[in-house]
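Chain by chain, the residues run as shown.
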Amino acid sequence: MKKIDDFIDFFLHEKGETVQINGVSRVALFTGTSSGTAYYTDDLVIRTKQALSTGDTVTHQEKSWLIISQVTKEKNSYQGRLRQCNHVTKFILDDWLYAFPSILAVSTFGIRQGEVIQLVDGMLSCLLTDNVVTELIHVNQRFIASKSAWMITGIDRTHTGVLILYADRDAFVEGDDQENEIANASTLPDWHVEMGAETFTVELGGTYQLIANLYKGATIEEATILWHSSDETVATVSADGVVTGVSLGTVIITAAWAEHTDISASSDGEVEEQAPEVITYKFYSMDENGSNKSYTNFDVEQYSTRVMGIEKYLNGVLTTNDTYAFTLTPNGAYSGNYTYTVVNSVSISIQCWAYDSHIMTLAGVSNQNSERLEVSVRLNGY
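Residues numbered from 1 in each chain as written. Predicted model: local features only at pLDDT ≥ 70, side-chain atom pairs only at ≥ 80, totals over all residues. Heavy atoms only, no water.

J.: What should I look at first to understand the overall build of the protein in this one?
T.: On a plain count of helices and strands, the protein comes out with 1 helix and 32 strands. Across the 382 residues of the protein, 39% fall into the buried class. Considering only contacts in the protein between residues 6 or more positions apart, those separated by 24 or more positions represent 52%. By element, 49% of the accessible surface of the protein is carried by carbon and sulfur atoms, the whole surface being about 21400 Å². Distance from the positive charge centre (24 side chains) to the negative charge centre (49 side chains) of the protein: 11 Å. (Helix = DSSP H or I, 4+ residues; strand = E, 2+ residues; numbered from the N terminus. Buried < 20%, exposed > 50% of the residue type's maximum accessible area, 1.4 Å probe, protein only. Contact = heavy atoms within 4.5 Å. Areas by Shrake-Rupley, 256 points an atom, 1.4 Å probe, with all protein chains shown as cover. Lys, Arg positive; Asp, Glu negative; His and termini not counted. Charge placed at Lys NZ, Arg CZ, Asp CG, Glu CD.)

What follows is the structure, given as structure tokens:
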């Protein structure tokens, strides 16, 4: 006798639905349970060609379900029993808020006079997926459900893939967020990513370094940051935050914490035309120890030494990729009253001995593009 499993490809094509199983899209076939129960009328049987496991979370018809039975492996498919989740139970674990689709059930009911049945008396059970995160849940931990606070008194981990929490009703305490059902919400730290620049510009073909850090009160140095460009045809971003301009336009660069990518920050960028190169030069003067640097004072006092040189600027930014040929024209000054020394390829020194005030001419010529600069040097003797 032929079974569904023998025609699984046909049924999945004709009757299958696209669902999320542990966050991954799958095509699945749903049927009612062969033996219905009076208490769980929402139970379904799921069948897929991909492997299933007890405790898998299934998103079906915009609702969360858990596979609560052992999974049956047939020749061509897997099947298991689903139960619809009726709560999202929240815990703060390792300073992070987790929300778990779960199935709540009450062990005993208490009925107060003049009121409807409420989950306020007896013991509550909470069934949820068993994984590396829920392993952190422990006895005496608190959670909020059905407008009540609960404290875990026991944990059953004997069922592969799922765990069952048993909890007694507890009192609300200061710091509980009753509206959002987060117990001890005041203990949750503020995780956030901060970007070094909210906006930036980068030249076409150029680069720009973005910096992002994860904070939890202080910087988390070991945190891994993932970078993303909203449009890689405009700009790309490397694993260490270096943005490269690809084409003219605007782009959003996002930095997200690798462990929880919803913790992120972004920077608005613009790729602009490359600015033309403008090269300028400046003569400077300073004492031998590097102090009293000036771009206007080139006096050399008696019995003192001044170092003079040339600085090169590219678009207003100091650069050092040039050398110079220096010449000093005494303009009649007696050579015995001064000493002229070439220090290196970018500077010289002049020492003044006894001499009445006299003006000499210092020139420097770029060895790269033959640009010539001149400056008047005054010897101040007494």
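J.: Just checking my understanding: could you explain the sheet that holds strand 15 (residues 199-203) for this structure?
T.: Strand pairing in a sheet takes place through backbone hydrogen bonds and is either antiparallel or parallel in direction. Reading across the sheet, the 4 strands line up as 15-23-22-19 and stay open at both edges, with mixed pairing between neighbours. Strands with a single pairing partner mark the edges of an open sheet, and in this sheet they are strand 15 and strand 19 (225-229). In this sheet, adjacent strand axes meet at a mean angle of 25° when their direction is disregarded. Strand direction decides the pairing type here: strand 15 and strand 23 (residues 264-272), joined by 5 bridges, are parallel. Bridge assignment links Thr201 to a residue of strand 23, and that residue is Glu270. (Pairing = 2+ DSSP bridges. Axes fitted to C-alpha atoms, helices over the stretch in contact; angles between N-to-C directions.)

J.: What exactly am I supposed to notice about the pairing of strand 7 (residues 78-84) here?
T.: The side chains of a regular strand alternate between the sheet's two faces. Judged by how many residues are buried, strand 7 sits mostly within the fold: 6 of 7 residues are covered. As paired strands, strand 3 (residues 44-48) and strand 7 are joined by 5 bridges and run antiparallel to one another. Looking at strand 7, one finds that Val45 is bridged to Arg81. With 3 bridges joining them, strand 5 (residues 63-67) and strand 7 adopt antiparallel strand pairing. Counterpart to Leu66 in the pairing with strand 7 is Arg83. For strand 6 (residues 72-73) and strand 7, the ladder comprises 2 bridges, and the chain directions are antiparallel. Across the sheet, the residue bridging to Lys73 is Tyr78, located in strand 7. Between the antiparallel neighbours strand 6 and strand 7 lie 4 residues.

J.: Where do I start with the pattern of salt bridges in this structure?
T.: Proximity of charged atoms lets side chains of opposite charge pair with each other. A complete count under the given rule lists 11 salt bridges for this structure. Across the pair Arg81 and Asp43 runs a salt bridge whose closest N-O atoms are separated by 2.8 Å. On the criterion of sequence distance, the pair formed by Arg81 in strand 7 and Asp43 in the loop between strand 2 (24-32) and strand 3 is long-range, its members being 38 residues apart. Take Asp43: its relative accessible area is 3%, and that puts it in the buried class. Between Asp287 and Arg306 there is a salt bridge, and its shortest N-O distance comes to 2.6 Å. (Salt bridge = Lys/Arg side-chain N within 4 Å of Asp/Glu carboxyl O.)

J.: Explanation requested: the packing of aromatic side chains in the structure shown.
T.: Geometry of an aromatic ring pair is reported as the spacing of the ring centres plus the angle between the planes. The full count for this structure, using the stated rule, is 12 aromatic pairs. When the centroid spacing of 6.4 Å and the interplanar angle of 45° are considered together, the rings of Phe91 and Phe100 count as tilted. A residue is classified by how much of its surface remains accessible, and Phe100, at 10% relative accessible area, is buried. Plain terms: the ring middles of Tyr324 and Phe326 are 6.3 Å apart, the flat faces sit at 50° to each other, and that makes the pair tilted. (Phe/Tyr/Trp six-rings, centres within 6.5 Å; stacked < 30°, edge-to-face > 60°.)

J.: I keep staring at the sheet that holds strand 28 (residues 324-329) and nothing clicks. Help me out?
T.: Judged by pairing direction, the sheet is mixed, and its 4 strands sit side by side in the order 25-32-31-28 without closing on themselves. At either margin of the open sheet sits one strand with a lone partner, and together these are strand 25 (299-301) and strand 28. Across the sheet, the mean angle separating the axes of adjacent strands is 25° when strand polarity is ignored.

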